[in-house]
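Descriptive structure summary
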Amino acid sequence: KINESGYGELDIPKLPHGVYDVNALYPETNNYFKSSNSTVFEIYPLYNINLDKQTNITGNASIGDLIRFTIIVSNDGSVNVSHLNVVDKLPKYLKFVSAGSNSTYIGVKSIVDGFEVVTWDIGNFNADDKLMLWVIVEATLDGTFTNNAALNSTQINNVSNDVIVNVTPSVD
């Protein structure tokens, strides 16, 4: 609808992302010449990938304890993302034991700059998908350790979350 000042809006909800060419046309009348104007606009998709990280430890862990870090990845956006990967860089003195997921994705351990790193190569991640990943480590030294997990994709860079674990000496 166009007001008396010539301003108007066109509201078309739920157009998919893409490029649109809109043409406005005023037909010729007895008082006005035919007039038209065109504009091109792009609707960008909403990427909303979330990563939440938790641990099974409440309070302190002891040397020798197994610690489970759980990573929940969810696509709360309206579009799919591609080439998604999740990386969990383990602090020194938290020794890798195993990794897995609630799907077919297997966490692969590698050594990067002297740190154990677990990577899940998810690939395409659809809108409304949710995935649970986990890594189990053994505490090998006392101290306070920050464990970080991050995700990246073609469309999203460096969404991350930290969990802090306190490890105390074992009581014999």
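Use the structure listed above.
The following refers to the structure shown. Counting starts from 1 at the beginning of each chain's written sequence and moves along it residue by residue. Local features are withheld for residues below a pLDDT of 70 in this predicted model, meaning they are given only at 70 or higher, and side-chain atom pairs are given and counted only at 80 or more; totals for whole chains, interfaces and linings count all residues. To get the side-chain values, take all heavy atoms of the structure and skip hydrogens and water.

Moving on, we come to the overall build of the protein chain. In terms of helices and strands, the protein chain carries 0 helices and 12 strands. For 172 residues, the compact-globule estimate of 2.2 N^0.38 gives 16 Å, and the C-alpha radius of gyration of the protein chain, at 26 Å, exceeds that figure by more than 25%. For the protein chain, contacts bridging at least 24 residues in sequence account for 65% of all contacts bridging at least 6. As used throughout, the charge tally considers Lys and Arg to be positive and Asp and Glu to be negative, leaving His and the chain termini uncounted. Each charge is placed at NZ for Lys, CZ for Arg, CG for Asp and CD for Glu. Averaging the locations of the 10 positively and 19 negatively charged side chains of the protein chain gives two centres separated by 4 Å. Only DSSP runs of H or I reaching four residues or more are called helices, and only runs of E reaching two or more are called strands; each is numbered from the N terminus. What the globule rule says is 2.2 Å times the number of residues to the power 0.38, and the radius of gyration is computed from C-alpha atoms. Note on contacts: a residue pair is in contact if any heavy atoms of the two residues lie within 4.5 Å.

On to the pattern of salt bridges. Side-chain pairs of opposite charge can arise where the charged atoms are in close proximity. Salt bridge, as applied in this entry: a Lys or Arg side-chain nitrogen positioned within 4 Å of an Asp or Glu carboxyl oxygen. Going through the model one piece at a time under the given rule, you end up with 2 salt bridges. Ionic pairing is found between Lys53 and Asp88, a salt bridge with its closest N-O pair at 2.8 Å. Of this pair, Lys53 sits in strand β3 (residues 49-55) while Asp88 sits in strand β6 (residues 81-89), and the two are 35 residues apart along the sequence. Summarising the burial analysis for this pair, Lys53 and Asp88 share the class buried. Glu116 is the salt-bridge partner of Lys109, the closest N and O atoms lying 3.4 Å from each other. Taking relative accessible area as the criterion, Lys109 reaches 39% and is therefore assigned partly exposed. Type-normalised accessible area, obtained with a 1.4 Å probe on protein chains alone, sets the label of each residue: buried when under 20%, exposed when over 50%, and partly exposed for intermediate values.

Glancing now at the side chain of Asp88. The exposure class of Asp88 is buried, given its relative accessible area of 0%. Among the polar contacts made by the side chain of Asp88, one reaches the side chain of Lys53 at a distance of 2.8 Å. At 2.8 Å, the side chain of Asp88 and the side chain of Asn147 are in polar contact. Look past the residues within four positions of Asp88 in its chain and what remains in contact with it is Lys53, Ile71, Glu116, Val117, Val118, Trp120, Val135, Asn147, Asn148 and Ala149. For the purposes of these results, a polar contact is taken to be a pair of N or O atoms within 3.5 Å, where, inside protein, one atom must be able to donate a hydrogen and its partner to accept one; residues adjacent in sequence count only when each atom of the pair is a side-chain atom.

This part covers the sheet that holds strand β4 (residues 61-62). At least two DSSP bridges between two strands are required for those strands to pair. Strand order across the open sheet formed by 6 strands is β4-β12-β11-β6-β9-β8, with mixed pairing between neighbours. Unpaired on one side and paired on the other, β4 and β8 (108-112) mark the two borders of the sheet. Where strand β11 (residues 143-152) lies against strand β12 (residues 159-168), 9 bridges are found, and the strand directions are antiparallel. By the bridge assignment for β12, Gly143 is matched with Val167.

Here Ser74 lies in strand β5 (residues 66-75). A distance of 3.3 Å separates a polar atom in the side chain of Ser74 from a polar atom in the side chain of Asp76.

Attention now goes to a nonpolar patch on the surface. Nonpolar side chains collect at one region of the surface, where Leu10, Ile12, Val22 and Phe41 lie side by side and expose about 350 Å² of accessible area between them. The residue Leu10 is located in the segment before β1 (18-26) in this model. A relative accessible area of 65% means that Leu10 is categorised as exposed. Residues qualify for a patch when their relative accessible area is over 30% and they have no salt bridge, like charges being joined within 9 Å and the nonpolar side chains of Val, Leu, Ile, Met, Phe, Trp and Tyr within 5 Å. In short, Shrake-Rupley with a 1.4 Å probe defines the accessible areas, and a residue's cover is counted only from the protein chains shown.

A sheet is described by the order of its strands in space; here 4 strands give the open sequence β3-β5-β10-β7, paired in antiparallel fashion. Looking at the sheet topology across the chains shown, the edges are occupied by β3 and β7 (94-101). For this sheet, the mean angle separating the axes of adjacent strands, direction not counted, is 20°. The pairing of β3 with β5 spans 7 bridges and is antiparallel. Across the sheet, Asn50 pairs through a bridge with Ser74, a residue of β5. Throughout, an axis means a line fitted to C-alpha atoms (over the contacting stretch in the case of helices), and angles, computed between N-to-C directions, take values from 0 to 180 degrees.

Take the layout of surface pockets next. Space inside and on the surface of the protein is sampled on a 1 Å grid over the protein atoms alone, with a cavity defined as a set of points where a 1.4 Å probe fits but cannot get out and a pocket as an open set with protein on both sides within 12 Å along at least 5 of 7 lines; lining residues have an atom within 4 Å of a point. Grid points are joined across faces, edges and corners, and a volume is the space filled by probe spheres set on the points. Volume-wise, the largest pocket comes out at about 580 Å³. Listing elements by their share of the lining of the largest pocket, those giving two or more residues are β1 and β2 (35-43). Per-element accounting of the lining of the largest pocket gives the leading share, 7 residues, to β1. The nonpolar class holds Ala, Val, Leu, Ile, Met, Phe, Trp, Tyr, Cys and Pro. Asp, Glu, Lys and Arg form the charged class, and all remaining residues, Gly among them, are polar. By residue class, the composition of the lining of the largest pocket is 12 nonpolar, 6 polar and 4 charged.

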